[in-house]
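So you can see what is in the structure, the chains are spelled out below.
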Amino acid sequence: MVANIQEKSLYLPRLAKMTKKERFTEKEMFFEFRFDDGSNLNHRPGQFVELSIYGIGEAPISISSSPTQQGYFELCVRAVGRVTNYLHKNLDVGSYVGIRGPFGNGFPYEKFKGYDMLFICGGLGVAPLRSLINYTLDKTKRNEFGKVYILYGCKNNQEWLYQKEVESWLNRADVETYLTVDKCTDSNWKGNVGVITTLIPKVNFDVNKTIAVICGPPVMYKFVVLELKNRNFKEENIYMSLERKMKCGVGKCGHCQINNVYVCQSGPVFDLPTVRKLQEAI
Amino acid sequence: MEEYVISLEGIKGLLENLTREGFNIYAPSKNNDRFVKVKDIDEVALFPDRRPTDISAKECLFPKCEPVFYYKREKNNVEIVDIDPNGNKVLFGLKPCDAASFTIIHKVFNWDYKDKFYNKRFDNSLIIGLACTYLDDYCFCTSVGLSPVSTVGSDILLVRLSDVSFGVIVITDKGGQLVKRYPQLFEKGEPTKSKQVLDSIGGPARKFDHKKVKEWLDNNFETDFFNSIGDICVGCGQCTFVCPTCHCFDIVDEDYLYSEGRRMKNWDGCQFYLFTLHASGHNPRDTQYKRYRQRVNHKFKYYVDRFQEVLCTGCGRCSRGCPVSIDIGDIVSRISKLS
Ligand SMILES: Cc1cc2nc3c(=O)[nH]c(=O)nc-3n(C[C@H](O)[C@H](O)[C@H](O)COP(=O)(O)OP(=O)(O)OC[C@H]3O[C@@H](n4cnc5c(N)ncnc54)[C@H](O)[C@@H]3O)c2cc1C
Ligand code: SF4
Ligand code: SF4
Ligand code: FES
């Protein structure tokens, strides 16, 4: 574990050890990592890390745990390409990966204090939102927020991520959780069937004191926003985490640029009025 | 600004002395394709009237491929060795459109996080510019706030007074110290003489107002203007690679035998489909016209919004080299007339 560092380089990862690995679905796995010196990542909910596997490459991954969870951090990763498949197939508990970050702005949760929270997660979008959900539901923070609504949709019944936690949300008296599947593949499923926008009319939120936070596949944003607007949601109370191709994470390489904004630095979290001004954003 | 005169022999002597001091000299190669490390000082040519090198001087401070660290791994053990770019460089004979590019891209490498690879090379370099008398249909430096005699980005600027004598304009402290280190090579000059030369150079024929370009881009994102360019452009990315101000890059690993290797920072370009392709399959710039629109907007609008500078020095390289004759100078001059 020797690193010969003469001056701080932006591209130099810290080593972190995989301490848990668990399969969620065919494509998605859950990972816990720790730094050998026990230090925290010191992130904000909504930030991401650049995870690297030496010899394979680097990929931006949202931090899925809350900063209130100390001593470790968690990621939920879908296997789609080189880095993510290698992580799934070739690395086991005890292996080291490289971590740069945390990067990005994260959610401005200080501004959300006193508000009711409406989380709208589509598929893997639950990974970054879980960081803020866990933060909001943490016993040391829960009283800083009002009501909590969680809307979570998946393609089918085999696709649930964080199933045990979703069950615990369902069981909590201080959380209203609504689930849906686009297509029902389990005959025992008694919940909603349909895209995530079909859940919104079921929720009785107060548009004057609710913040909506959205994360999901790019197609989802437009429809969710339309549905919220139908309910007279204020644009400035809608926040979203944007996906971009990213490489450096530090506002240099240009991949994530939309207009004059580097999403890796000024994002990935934006409020809707800002997104409206950024052409090509969604 | 202080002025001196140096003879052709004096310049050779200066380069020899700098080599002795430990500087590596970079100058245009014999066939003018790029800036190369000079082995024989006698081969350094001082032709202000030759066209800009095919590839800009950018690669001297921001190489097209460079390792950012080395690693070795053995089972669960990983060893990482950081790299420090070292070595002092003299970049010699840069046209003002090359010298100015460093002032411009310096901003992106320093606006928040600092990129030590660029910064260390920049700090350890001395930039000797050469006023330009080559003007062709492609260049447009005077339309982006520069000129063939602009001092921006150079530590000293040479001006050819005759075949054997050059005016020396001292621009930065670094440049001043250079003159002080070798007083025997520099004579106190007469500013009027070089001014006469400078005045006689004029500028390229193509002229437009870059503020008007921005004005139009500010209000016209969704437009048909770029459609036909998108149809013609083959997306080869040549324009981004030869450009002195384009600065996008990729980060990839090069592995040898799965046990040791290096992580590389390689030039990348916004004209490629893969540049913005998300892993999910979604691509916000899925067609060529959107990618060309990005290039023009980045250079004449986004960079100006963010860093108050046009991301273009008007060198004309991208147009000279384009396989399908797309000419950015022509495109932005047309845009300037639309607003
Ligand atoms: C801010 C941010 C947060 C993110 N958070 C998460 C997260 O929490 N969890 C998560 O899972 N992802 C997340 N992502 C997406 C993640 O970064 C990408 O999935 C990841 O970069 C893929 O890296 P890779 O090296 O595995 O894929 P790459 O090898 O780079 O592959 C990328 C693309 O190429 C295709 N591809 C790769 N190999 C092949 C092949 N052999 N043949 C054909 N096609 C191929 C893939 O299908 C994919 O479309 C996030 C992205 C961003 C920007
Ligand atoms: S050099 Fe010409 S063809 Fe190639 S990407 Fe640039 S504009 Fe398109
Ligand atoms: S955009 Fe073209 S003209 Fe402008 S600096 Fe780059 S290569 Fe030169
Ligand atoms: S990821 Fe490199 S600039 Fe944002």
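Above this text sits the structure in question.
Structural notes, computed from the coordinates.

What counts, and at which threshold
- Residues numbered from 1 in each chain as written.
- Chains lettered and ligands numbered in written order.
- Predicted model: local features only at pLDDT ≥ 70, side-chain atom pairs only at ≥ 80, totals over all residues.
- Heavy atoms only, no water.
- Salt bridge = Lys/Arg side-chain N within 4 Å of Asp/Glu carboxyl O.
- Buried < 20%, exposed > 50% of the residue type's maximum accessible area, 1.4 Å probe, protein only.
- Helix = DSSP H or I, 4+ residues; strand = E, 2+ residues; numbered from the N terminus.
- Near = heavy atom within 4 Å.
- Polar contact = N/O pair within 3.5 Å; in protein donor to acceptor, adjacent residues only side chain to side chain.
- Areas by Shrake-Rupley, 256 points an atom, 1.4 Å probe, with all protein chains shown as cover.
- Nonpolar A, V, L, I, M, F, W, Y, C, P; charged D, E, K, R; others polar.
- Pairing = 2+ DSSP bridges.
- Right-handed = clockwise from strand over helix to strand, strands pointing away.

Right, let's talk about the pattern of salt bridges for a bit. Pairing of side chains with opposite charge becomes possible as their charged atoms draw close. Considering all chains together, one arrives at 44 salt bridges over all chains under this definition. For D163 of chain B, the salt bridge identified is with R160 of chain B, shortest N-O distance 3.9 Å. Under the relative-accessibility criterion, D163 of chain B is labelled exposed at 60%. A salt bridge links K214 of chain B to D218 of chain B, with the shortest nitrogen-to-oxygen separation between them at 3.0 Å. With K214 of chain B and D218 of chain B both in helix 6 (residues 210–219) and four residues apart, the pair spans about one turn of that helix. The network of salt bridges with common partners includes E58 and R100 of chain A together with D253 and R263 of chain B.

A few words on the site of ligand 1. Surrounding ligand 1, one finds 19 residues, the nearest of these being P60, R78, R82 and T84 of chain A together with A279 of chain B. Between ligand 1 and P60 of chain A, the relevant distance is 2.6 Å, taken from an oxygen atom to a main-chain nitrogen or oxygen of the residue. One of the side-chain nitrogen or oxygen atoms of T84 of chain A is found 2.5 Å away from an oxygen atom of ligand 1. In isolation ligand 1 exposes 980 Å². Once the protein is present, 67% of that is buried. Counting only elements with at least two residues in the shell around ligand 1, the list comes to strand 5 (57–62), strand 6 (73–78) and helix 1 (82–90) of chain A. When the residues that make up the shell around ligand 1 are grouped by side-chain class, the tally is twelve nonpolar, four polar and three charged.

A word on the pairing of strand 8 (residues 116–122) of chain A. Residue and element names in this part refer to chain A. Burial analysis of strand 8 places seven of its seven residues in the buried class, which makes it a mostly covered element. Burial along strand 8 is two-sided: D116, L118, I120 and G122 facing one way and M117, F119 and C121 facing the other are all buried. With six bridges connecting them, strand 8 and strand 12 (residues 210–215) associate as parallel partners. The partner of M117 across the bridge, within strand 12, is I211. When strand 8 meets strand 9 (residues 148–154), the two strands line up parallel, connected through six bridges. Looking at the pairing, M117 lines up with V148 of strand 9. Handedness of the crossover joining strand 8 and strand 9 through helix 3 (residues 126–137): right-handed.

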